[in-house]
Each structure stands twice: as structure tokens, then as C-alpha cells.
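Here are the chains, one letter per residue:
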Amino acid sequence: PFTSGQSGLMWATPIKLSGSDTNTDLPIVKNLAFSHAMTCLEINIRTIYQGTVRLTSMTLTDKADQPRLIASGTMNATNGKLKCNPPVSSITLTPNTYITHQSFGNNFYIMMPAIGDDDHPLDLTTNKMELSFKFNNVDAETTFTLPNIMAGSELKAFKRGYKYKYKLVLDNQMDFVPVGVEQNWGTTYVDFEL
């Protein structure tokens, strides 16, 4: 089972062992390729003032006529396929984390099943997705619409295994900007002794 939130799921491509692999007492080292089963929105939040502020919650809301966000479901651990529960219009996370004055800020994640593909592109111009925040348990005055342009091109999907990065700076006004897309976040190789 999974719940969309700050933790994601990974699965490993199955490997097959030969008879000679299993007829020895010596350790066998095989590379397992782990891949992310979800997409990730990363929001870097920093404050330019001394002191701390508590991020109580953040909510991603889909304003489309037919909601596209998936809050929960199950994953087949042998192939990474997701079986999703019916879509919802919003996902709320409650980090309840203090943000201090730092040069790079704190990263917060929304991990969820992918949205959009070539046949069903994500249209952020007419079907808006918005991020809203609560700081110190008080609603922030500004709600931010996710931009449809990122890294110089139109954003047509939140793809599986991709990370979409945004930055929020807390100042007299809140400044929310897209930073870019990280494509190499998808696969990690880990040595595993059998």
C-alpha cells in the first residue's frame, strides 16, 4: 500500500540466479537497479530573516473538472506497477517542521503517481494546479499556481521517476519560482550480497 506524501516507493528490476550462483558458499554480488515508482515535486523553502517559522502543512490542489491527483493505492513490488484509488482534488501534507534562516533552505517533497502522458497531456494553462501553505498553523495569504513552463519548455506531464523543483522564498512577499527538472533521479544502483 502507498499514500502520496513525503516518502516515495521504489522497486528493483528482478534478476535471475543461475544454478552455479546458488551452488556456492561464497557471497554473490549482483547489481539491483532500483527505480522510482512515482513522480516528485520538490519545494525548497527558505526565509531571509533570522528566526524560525513552522511549516504546518502544504496542499496541492487540482482545479481541473476531473481530478487527477492520486492520494493512495497499492504497488506491485515485482514490476513497479501502481493500482491507484479514485482521483482526488487535493493532497495535503503536514510536515510540521521548523524552517530556520539558512542560505539554501529546507526541501519538502510531494511524492505521488505520475500525471499526464503523450496521449493525455497535463494542461496547466486551463486546468490549474495550485500549492498553498500554512505557516505557524495560519493560512498563507498567497496561493501559487504551478507554472506551465519549466526549464524553458512546456510542462506536459509530471513523469514517473522525474523530480520537478520549485523554490519558495519567504520575504515581505513570498516569491515562488520553478527551478528545473531532474531526470537522473530515476534509477540508483546498489550492490547487494546474496
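Conventions used here
Residues numbered from 1 in each chain as written. Predicted model: local features only at pLDDT ≥ 70, side-chain atom pairs only at ≥ 80, totals over all residues. Heavy atoms only, no water. Phe/Tyr/Trp six-rings, centres within 6.5 Å; stacked < 30°, edge-to-face > 60°. Buried < 20%, exposed > 50% of the residue type's maximum accessible area, 1.4 Å probe, protein only. pLDDT = per-residue confidence, 0-100. Helix = DSSP H or I, 4+ residues; strand = E, 2+ residues; numbered from the N terminus. Pairing = 2+ DSSP bridges. Axes fitted to C-alpha atoms, helices over the stretch in contact; angles between N-to-C directions.

### Some thoughts on the packing of aromatic side chains
Two aromatic rings are characterised by how far apart their centres lie and by the angle between their planes.
Part 1 of the reasoning: Applying the stated criterion across every chain, the model contains six aromatic pairs.
Part 2 of the reasoning: Summarising the aromatic geometry, the rings of Phe158 and Tyr164 are spaced 5.0 Å apart at their centres and angled 75° between planes, so their arrangement reads as edge-to-face.
Part 3 of the reasoning: Since its relative accessible area comes to 0%, Phe158 is described here as buried.
Part 4 of the reasoning: On the accessibility criterion, Tyr164 (2% relative accessible area) is buried.
Part 5 of the reasoning: Ring pairs connect the aromatic residues Phe133, Phe135, Phe144, Tyr166 and Phe176, which therefore count as one cluster.

### Points about the confidence of the model for the protein
Part 1 of the reasoning: Overall, the prediction assigns the protein a mean pLDDT of 87, with 93% of residues at 70 or greater.
Part 2 of the reasoning: The weakest mean pLDDT in the protein belongs to strand S18 (residues 187-193) at 64; the strongest belongs to strand S8 (residues 90-93) at 96.

### A short note on the sheet that holds strand S17 (residues 174-182)
Part 1 of the reasoning: The sheet built from four strands is open, its strands ordered S10-S4-S16-S17 with mixed pairing. Two strands bound the open sheet, and with one partner strand each, they are strand S10 (106-112) and S17. If you compare each strand with its neighbour and ignore which way they point, the axes differ by 20° on average.
Part 2 of the reasoning: Taken together, the seven bridges between strand S4 (residues 39-47) and S10 define a ladder with antiparallel strand orientation. Within S10, the position partnered with Glu42 by the bridge is Tyr109.

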